[in-house]
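The chain contents come next:
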Amino acid sequence: MSDANSPAQAADVDEVNPLEQSTITMLDVLEEEKEMEEEYAAVLGGSDEKACTYAKGAIQRQALYSCLTCCPEARKDLTKSAGVCLACSYRCHENHELIELYTKRNFRCDCPTLRLGSDKRCALNPQLEAVQPPNAENLYNQNFQGLYCKCKRPYPDPERTTEELMLQCAICEDWFHLQHMQAPNVSEKWLDACSEMICDSCMERHEFLRDYTGLALQPQGEQKESKTEVNVADNQPTASEQQSHSEEPAEKRIKLSADDECRRPKTPTGHTGTAFWANDWRKSLCKCDKCLEMYKEQSVEFLLDDEDPVKDYEERGMKRVQENSSYEQGIRALASIDRTKQIDVITEYNRMGDKLKEFLQSFAANKTVVTEDDIKRFFAGMRSENHTNLGQPYFCR
C-alpha cells in the first residue's frame, strides 16, 4: 500500500478539481458504508436483535457471544462456558466482556439458564419465574474461551504483525489458520473457489467423508484421477443392468443387500488431511437407510440440511437488510442533489467525523466503554449545533 501522505501524491491531489474530488470522496464514504452493511448482514443479518431466542429452542443457526464477565471460570474450564444470543448481548450483557463467536448451529441461548449463575435473570424473559436449567444439547468448543485453531490463540492475536486468514470447519465449527491446516499446496488465491472446509481432525473422525473426496477441490500441484467414482450417477446401474434386474424374479430382487442400495462412491481417493469443497457437494451424500443411520450415530445429520451452510445464512441476512440499505439510499440521495450541495454534504460529513473522533478520544483515554446513550448524546449535540449555526447545512438527522 502506498503512502497517502507522500509529497508527490499531495501534489497530484492539489491538481484535482475540488468539485470532482468531493464527489469521489462521497462515493468512497458510501462504498465503505456498503462494506460495513455487508459484514453486518453476513454475521448478524439472520439473527433477531430485539427478542431473546431462548423460547424458540435450539436455533438452526444464529449469531452468538460468550460472556466472560458472567462466566469468568470459562477461561480455564470449558464446561463453565455460556453462549448468549444477539438480543441478550445488547440488553443483558451490555458493557460485559463478550467474545464474538460468529455463528453456531443448533444452539439455544444460555442467558435465562443456570449457565450464567443462579443470581442472574434474563431481562428479555420476564415471564420466566425462575432461572432455567442448563441447555443439555448445546455444544461448546474452545471458541467460547476466546481461543481458535490448533495453536489455541485468540483472534485477533495481539502478537501477530500480519493479517490473519482463518477458515471455519463445516463440522466442528472451530476456526483454523491456513498455515496450521494439514493442507499442502493450498494458497489464499486458490481458496476463492472453496465453499466449505472440513478440518483434518473431522475428516479422520468421520471416515465416510473420505469416500467423497473425489468431489473435493484439488489444491495446486495435485491432479485428479481421470476416472473416479464420485458422483451419485456414477454408481447407478447401466441400462443393460437395469433390464437384467427387471427380468429377475421379484423375490430375488427383494434380497438385494443394503450395500447394493448405497450410492456412496466405492473407489478410494487416498485423500488425507483437510478437505476443501465446492458448492453443492453435500447433495451428493448418499441417503440410503444405512448411511442415514450412520449420520445420526456420528451426529452429522445437519450435512443433509440445505439451509445449514454458513453461506445460506449469510445470503438470508443479505436479503433481509437489502431493502433498507444505507448505500442504496445514499446513492439515490447523492444523485438527487446538485454539485454544490454535494460539496456541502461532504464538508459536513467530514466535520462530523472529526467531531466524533474528538468525542471518542476521551473514552479511549479513560478506558471506558461507549454506551448507546453516549452516542445519542453526541448526535443530539450535533443537531443542536446545526440548528444554531445557520451557515451550515442540517446534515445530522
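Okay, so let's go over this structure. (Residues numbered from 1 in each chain as written. Predicted model: local features only at pLDDT ≥ 70, side-chain atom pairs only at ≥ 80, totals over all residues. Heavy atoms only, no water.)

### Brief notes about the overall build of the chain
Secondary structure summary: the chain contains 12 helices and 7 strands in total. Across the 397 residues that make up the chain, the buried fraction comes to 38%. The contacts in the chain between residues at least 6 apart in sequence include a share of 71% that link residues at least 24 apart. Counting every atom, the chain has about 24200 Å² of accessible surface; 50% of that belongs to carbon and sulfur. (Helix = DSSP H or I, 4+ residues; strand = E, 2+ residues; numbered from the N terminus. Buried < 20%, exposed > 50% of the residue type's maximum accessible area, 1.4 Å probe, protein only. Contact = heavy atoms within 4.5 Å. Areas by Shrake-Rupley, 256 points an atom, 1.4 Å probe, with all protein chains shown as cover.)

### Brief notes about the nonpolar core
Counting residues in hydrophobic clusters, the biggest one holds 73 residues, and the most contacted among them are Cys 88, Ile 198, Phe 276, Trp 277 and Tyr 295. The next biggest cluster of nonpolar side chains, apart from the first, holds 5 residues, and it includes Met 352, Phe 359, Phe 363 and Phe 378. (Core = buried A, V, L, I, M, F, W, Y, C linked by side-chain atoms within 4.5 Å.)

### Digging into helix H8 (residues 289-297)
Among the residues of H8, Cys 291, Met 294 and Tyr 295 are the ones counted as buried. Relative to the axis of H8, the buried residues are bounded by an arc of 100° and lie together on one face. Counted as exposed and oriented over 90 degrees from the buried face of H8: Asp 289, Lys 296 and Glu 297. Positive phi shows up at Ser 299, right after H8, with a value of about 55°. (Arc of directions from axis to C-beta.)

### Description of the side chain of Thr 213
Inspection of the secondary structure puts Thr 213 in the loop between helix H4 (200-205) and helix H5 (239-247). Given a relative accessible area of 2%, Thr 213 falls into the buried group. Looking at Thr 213, its side chain comes within polar contact range of the main-chain oxygen of Arg 210, at 2.7 Å. Beyond its immediate sequence surroundings of up to four residues, Thr 213 is in contact with Met 203, Gln 218, Thr 269, His 271 and Trp 277. (Polar contact = N/O pair within 3.5 Å; in protein donor to acceptor, adjacent residues only side chain to side chain.)

### Comments concerning the pattern of salt bridges
Summed over all chains, the structure comprises 15 salt bridges. As a salt-bridge pair, Glu 173 and Arg 105 come within 3.9 Å of each other at their nearest N and O atoms. Pair noted here: Glu 173 is in the loop between strand E4 (166-168) and strand E5 (175-177) and Arg 105 is in strand E3 (residues 98-107), with a separation of 68 residues, a long-range link. You can call Glu 173 buried: its relative accessible area is 6%. Owing to a relative accessible area of 10%, Arg 105 belongs among the buried residues under this scheme. One salt bridge connects Arg 282 with Glu 196, and the closest N-O pair in it is separated by 2.6 Å. Placement of Arg 282 in the loop between strand E7 (275-277) and H8 and of Glu 196 in strand E6 (residues 196-198) is noted, with a sequence separation of 86 residues between them. Looking at Arg 282, the relative accessible area reads 9%, which means it is buried. A cluster of three or more residues bridged by salt bridges with shared partners is formed by Arg 61, Arg 105, Glu 173, Glu 196, Arg 282 and Asp 308. (Salt bridge = Lys/Arg side-chain N within 4 Å of Asp/Glu carboxyl O.)

### Quick look at the side chain of Gln 168
With respect to the helices, strands and loops of the structure, Gln 168 is situated in strand E4. The class for Gln 168 is buried, based on a relative accessible area of 14%. A distance of 3.1 Å separates a polar atom in the side chain of Gln 168 from the backbone oxygen of Glu 173. Beyond its immediate sequence surroundings of up to four residues, Gln 168 is in contact with Tyr 102, Thr 103, Lys 104, Glu 173, Asp 174, Trp 175, Met 197 and Val 310.

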